[in-house]
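Coordinate inspection notes
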Amino acid sequence: MPSREATAPTRPLPRSTATGAAQNALRTIAAFEAFKGMLALIASLGFLSLLHHDLHHLVTALIGHIGLNPGDHYPAMVLGSVDQLLATPHRTLLLLAGAYVLLRWLEAYGLWNTRPWGEWLGALSGALYIPFELRHFVHQPSWLNAAVVLLNLLVVGFLGWRLRQRRRA
């Protein structure tokens, strides 16, 4: 008698039908997301290596080294952020950083392999940033900020278009 596993039909994991330029665009977005995940991992490990140092003193010295006054508005904001960071439990920070890295890499995997869930994840996670990017652009307009908003809108729009095309098919 054949085993149950041998006779059960197997269904492949759902995949989208990306060809040509769409496949290249998905892979480009996937590579960028994987890169962001790698940068977040490196930054997290760097933060972890600084836990046993006086981070406030290091940042103050760095601010002075580049010729800024730690009492000025923006350097004081940076120092305030460092103090808030140090007041947050390190385990919480590392768990959040790990979750962010995992999310970026899952998204990259899903996009690279043209999985529908990867496109959903990419569209939703990209769309979450748009209001903050727009606010930042309105308060500090620059070509770089405009490019970031435009690029994110293009990525979210492309992934939304892909999802809509799949739904129609």
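Residues numbered from 1 in each chain as written. Predicted model: local features only at pLDDT ≥ 70, side-chain atom pairs only at ≥ 80, totals over all residues. Heavy atoms only, no water.

**Quick look at the environment of Phe32**
Rules: To qualify as a helix, a DSSP run of H or I must reach at least 4 residues; to qualify as a strand, a run of E must reach at least 2; elements of each kind are numbered from the N terminus. Burial classification: accessible surface area is computed with a 1.4 Å probe over protein chains only, and a residue below 20% of its type maximum counts as buried, one above 50% as exposed, and the rest as partly exposed.
Its location among the elements puts Phe32 in helix H2 (residues 20-50). For Phe32, a relative accessible area of 44% translates into the label partly exposed.

**Some points on helix H7 (residues 143-168)**
Using the following cut-off: Multiplying one less than the number of residues by 1.5 Å gives the expected span of a helix. Contacts were defined at the residue level, with two residues in contact if any of their heavy atoms lie within 4.5 Å.
Between its first and last C-alpha atoms H7 spans 37 Å; for 26 residues at 1.5 Å apiece the expected length is 38 Å, and the two agree. Taken as a whole, H7 has its buried residues at Asn145, Val149, Asn152, Val156, Phe158, Leu159, Arg162 and Leu163. Buried residues in H7 make contact with H2, helix H5 (90-112) and helix H6 (116-139).

**Description of helix H4 (residues 73-87)**
Filter applied, for reference: Taking the helix axis as origin, the arc is that swept by the directions to the C-beta atoms.
For H4, with 15 residues, the first-to-last C-alpha span of 21 Å sits near the 21 Å given by 1.5 Å per residue. When we look at burial in H4, the residues that qualify are Pro75, Leu79 and Val82. One face of H4 carries all of its buried residues, which in axial projection span an arc of 55 degrees. Exposed residues lying more than 90 degrees from the buried face of H4 are His73, Tyr74, Gln84 and Ala87.

**What about the pattern of salt bridges?**
So the rule is basically this: Each salt bridge in this description consists of a side-chain nitrogen of Lys or Arg and a carboxyl oxygen of Asp or Glu lying within 4 Å of one another.
Inspection of the entire model under this criterion finds 5 salt bridges. The partner of Glu33 in a salt bridge is Lys36, and the shortest N-O contact between them spans 3.3 Å. Here Lys36 and Glu33 lie together in helix H2, a separation of 3 residues that amounts to about one turn. The buried category is assigned to Glu33, whose relative accessible area is 6%. The exposure class of Lys36 is partly exposed, given its relative accessible area of 21%. Among the salt bridges present, the one from Arg166 reaches Glu119, with a minimum N-O distance of 2.6 Å. Placement of the pair is Arg166 in helix H7 and Glu119 in helix H6, with a sequence separation of 47 residues.

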